[in-house]
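Fold and contact review
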Amino acid sequence: MKNILLTGALGQLGSELSAALRSQYGVTNVVATDVRQQESSGGAGTGPFYQLDSRDGRLLAEIIRKHRIDTIFHLAALLSAVAERDPQRAWEINMSGLYTVLEVAREEGCAVFTPSSIAAFGPTTLKDFTPQDTLQRPTSIYGVTKVAGELLCDYYYHRFGVDTRGVRYPGIISNVTMPGGGTTDYAVEIYYAAVTEGRYKCFLKGDTYLAMMYMPDAVKAAIDLMEADPARLRHRNSFNVSAMSFCPEDQAAYIRRYLPAFELTYEIDPVRQALANTWPNSLEDYAARVEWDWKPSFDLEGMTVDMLTVLTERLATNPAGRGGT
Ligand SMILES: NC(=O)c1ccc[n+]([C@@H]2O[C@H](COP(=O)([O-])OP(=O)(O)OC[C@H]3O[C@@H](n4cnc5c(N)ncnc54)[C@H](O)[C@@H]3O)[C@@H](O)[C@H]2O)c1
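Read on for an overview of the structure. Predicted model, so just to flag it, every value in this text is computed and none were measured.

Our next topic: the overall build of the protein. Scanning the protein for helices and strands turns up 11 helices and 14 strands. For 325 residues, the compact-globule estimate of 2.2 N^0.38 gives 20 Å, and the protein sits close to it at 19 Å. In terms of its C-alpha atoms, the protein occupies a principal-axis envelope of roughly 55 × 45 × 40 Å. For the protein, the proportion of its 325 residues judged to be buried stands at 56%. Restricting the contact set of the protein to residue pairs at least 6 apart, pairs at least 24 apart contribute 78%. On the protein, roughly 13600 Å² of surface is accessible, and the fraction owed to carbon and sulfur atoms is 52%. Taking the average location of the 31 positive side-chain charges in the protein and that of its 39 negative ones, the two points are 3 Å from each other.

Residue placement: Thr208 occurs in the loop between strand E10 (199-202) and strand E11 (210-214). Along the backbone, Thr208 and Ile172 are 36 residues apart, and their C-alpha atoms lie at a distance of 16 Å. Apart from the residues within four sequence positions on either side, Thr208 is in contact with Phe246, Cys247, Pro248, Gln273 and Ala276. Polar contacts involving the side chain of Thr208 include one to the side chain of Gln273, which spans 3.2 Å.

All right, on to the nonpolar core then. Ranked by size, the top nonpolar core spans 44 residues in total, and within it Ile173, Tyr186, Tyr191, Tyr200, Phe246 and Met303 carry the most contacts. Among the elements that line this core, the one with the most residues is helix H6 (residues 186-196), at 8 residues. Beyond its immediate chain neighbours, meaning those up to four positions away, Met303 contacts Ile173, Tyr191, Tyr214, Met244, Phe246 and Phe298. Grouped together as the second largest cluster of nonpolar side chains are 37 residues, Leu13, Val167, Tyr169 and Leu233 included.

Bringing the pairing of strand E2 (residues 30-34) into the picture now. Extensive coverage of E2 is indicated by the burial of 5 of its 5 residues. Of the two faces of E2, the one carrying Val30, Ala32 and Asp34 and the one carrying Val31 and Thr33 are both buried. Bridge count between strand E1 (residues 4-7) and E2: 3 bridges; the pairing is parallel. The residue of E2 that forms the bridge with Ile4 is Val30. Regarding topology, helix H1 (residues 12-25) serves as the crossover connection from E1 to the parallel E2, and that connection is right-handed. Judged from the 3 bridges that link them, E2 and strand E3 (residues 49-51) form a sheet pairing that is parallel. If you follow Asp34 over to E3, its bridge partner there is Gln51.

Attention shifts here to the pattern of salt bridges. Here the structure, examined in full by the defined rule, presents 16 salt bridges. For the salt bridge of Arg168 with Glu150, the shortest nitrogen-to-oxygen distance reads 2.8 Å. You can see Arg168 sitting in strand E8 (residues 167-169) and its partner Glu150 sitting in helix H5 (residues 141-160), a full 18 residues away along the chain. The two residues Arg168 and Glu150 agree in class, both being buried.

This part takes up the site of the ligand. Around the ligand, 27 residues are found, and the nearest of them are Gln12, Leu13, Asp34, Arg36 and Tyr142. In this structure, Arg36 approaches the ligand through a side-chain N or O atom, which is 2.7 Å from an oxygen atom. The contact in question runs from a nitrogen atom of the ligand to an N or O atom on the backbone of Ser54, over 2.9 Å. Taken together, the residues of the shell around the ligand sort by class into 14 nonpolar, 9 polar and 4 charged.

On to the packing of aromatic side chains. Considering all chains together, one arrives at 9 aromatic pairs under this definition. Their ring planes at 45° and their centres at 5.4 Å tell us that Phe73 and Phe113 sit as a pair that is tilted. A residue pair is termed long-range when its members are at least 10 positions apart, and Phe73 in strand E4 (residues 71-74) and Phe113 in strand E5 (residues 111-113) qualify at 40 residues. A residue is classified by how much of its surface remains accessible, and Phe113, at 0% relative accessible area, is buried. Aromatic pair Tyr186 and Phe203: ring centres 6.2 Å apart, planes at 90°, arrangement edge-to-face. Of this pair, Tyr186 sits in helix H6 while Phe203 sits in the loop between E10 and E11, and the two are 17 residues apart along the sequence. When sorted by exposure, Tyr186 lands in the same class as Phe203, which is buried. The ring of Tyr157 carries the charged tip of Arg236 above its face, separated from the ring centre by 4.0 Å. Against the face of Phe203 rests Arg272, its NZ or CZ located 3.5 Å from the ring centre.

With burial as the criterion, only one face of E10 is covered, namely that bearing Tyr200 and Cys202; the residues Arg199 and Lys201 on the opposite face remain uncovered. Summarising the sheet, E10 and strand E14 (residues 263-266) pair through 4 bridges and their orientation is parallel. Bridge pairing in E14 links Tyr200 to Leu264.

About the criteria used
Every chain begins its residue count from 1, and numbering advances along the sequence as written. Totals for whole chains, interfaces and linings use all residues, but because this is a predicted model, local features are given only for residues with pLDDT of at least 70 and pairs of side-chain atoms are given and counted only at 80 or more. In computing side-chain properties, one takes all heavy atoms of the structure into account and sets aside hydrogens as well as water. Helix and strand labels come from DSSP, where a helix needs a run of H or I of at least four residues and a strand needs a run of E of at least two; each type is numbered from the N terminus. As a reference, a globule follows 2.2 Å times the number of residues to the power 0.38, and the radius of gyration itself is taken over C-alpha atoms. Categorising residues by exposure relies on relative accessible area from a 1.4 Å probe, with only protein chains included: less than 20% of the type maximum marks a residue as buried, more than 50% marks it as exposed, and the intermediate range marks it as partly exposed. Note on definitions: a residue-residue contact is assigned when non-hydrogen atoms from the two residues lie within 4.5 Å. Reported accessibility uses the Shrake-Rupley method at a 1.4 Å probe radius. Residues are deemed covered only where the shown protein chains occlude them. Two residue types count as positive, namely Lys and Arg, and two as negative, namely Asp and Glu; His and chain ends fall outside the count. Charge coordinates come from a single atom per side chain, which is NZ of Lys, CZ of Arg, CG of Asp or CD of Glu. Distance and chemistry together define a polar contact, namely a pair of N or O atoms within 3.5 Å, with one atom able to donate a hydrogen and the other to accept it when in protein, and with adjacent residues in sequence counting only for side-chain atoms on both sides. By convention a nonpolar core is built from buried Ala, Val, Leu, Ile, Met, Phe, Trp, Tyr and Cys residues, the set being connected through side-chain atoms within 4.5 Å. Only strands joined by at least two bridges in the DSSP assignment are considered to pair. Crossover handedness is defined here as right-handed if the route from the first strand over the helix to the second strand goes clockwise, with the strands pointing away from the viewer. Any carboxyl oxygen of Asp or Glu within 4 Å of a side-chain nitrogen of Lys or Arg constitutes a salt bridge here. Proximity is defined per residue: if any heavy atom of the residue lies within 4 Å of a molecule or strand, that residue is considered near it. Nonpolar residues are Ala, Val, Leu, Ile, Met, Phe, Trp, Tyr, Cys and Pro. Charged residues are Asp, Glu, Lys and Arg, and all others, Gly as well, are polar. In summary, the pairing rule links any two rings of Phe, Tyr or Trp, Trp by its six-membered ring, whose centres are within 6.5 Å, and it sorts them by plane angle into stacked for under 30 degrees, edge-to-face for over 60 and tilted for everything else. A ring has a charge above it when a Lys NZ or an Arg CZ is no more than 6 Å from the ring centre and no more than 35 degrees off the ring normal.

In structure tokens:
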């Protein structure tokens, strides 16, 4: 990778991935784009930025030629809970956006990273240690777009030779940019609430286990996969990547080790609970470990210590500082 472009760069993942890419590959070699305008203190930080709807192939191709882009991280998407509120729009943004990016990548000779998700599995998939290659019959529109996206990326690789790669992310926990409307958002909000209020009202049931990952590992997975030797890759656009599995009660127990008075109560959101009920508790990720040496650094304990430390320091100096965007 020499010159990189991100779509959806102001989101939860994009804001931290763009910063990591800029420190590794050079600020001017990483072009951030998003459908939203960047605020002056925006999460993507300093460096080239364009306001771009990922469905606008003409402008995307123009930016790619101007900056001699060779690799696209396509992160623009509507997440599970937002998508379920407007399935037609979710299909349009998630699928037309991906198709446009793949077409431009084909014409301009770019590699493409596209994240899939644990939402690409469904109620008929094995929930514990969900295998790499298994049944995928998701029942949410978000999951449908993720499976279709995996297949479309595979197609562009086999049919046109576009270097497409991707991982199935679990729920991502982070402290720079707040999550954008997914089912695992509770696992981020709980740390902010613990530090600021000492209590949290959770929208998923206390025993809902889900696969999760801390942001530094999510960033590392994206970069390592795109740098991996293509000769070793038997899979392309659907690597399971696992880091940890927990439920809200587990997370609260770890928080109480450091904040003993922390209280967890519940107000269940039936839509997000229904989504979570169909997703894996944990993932088997042998293919990622063998084909590109995937190995996460954070477990629930390490992540909890880091989240509470970072948030306590930040919110002590700036009580309104919930995040970059
Ligand atoms: N965050 C997670 O827990 C998680 C888990 C699994 C997979 N993923 C995947 O990772 C990717 C990034 O997710 P995220 O958490 O950063 O999402 P997010 O909602 O935080 O950010 C998405 C960004 O895309 C932008 N966007 C929306 N529509 C757009 C359009 N038409 N054109 C250009 N930009 C547009 C939004 O403004 C936003 O900044 C997505 O593909 C998501 O499905 C995320």
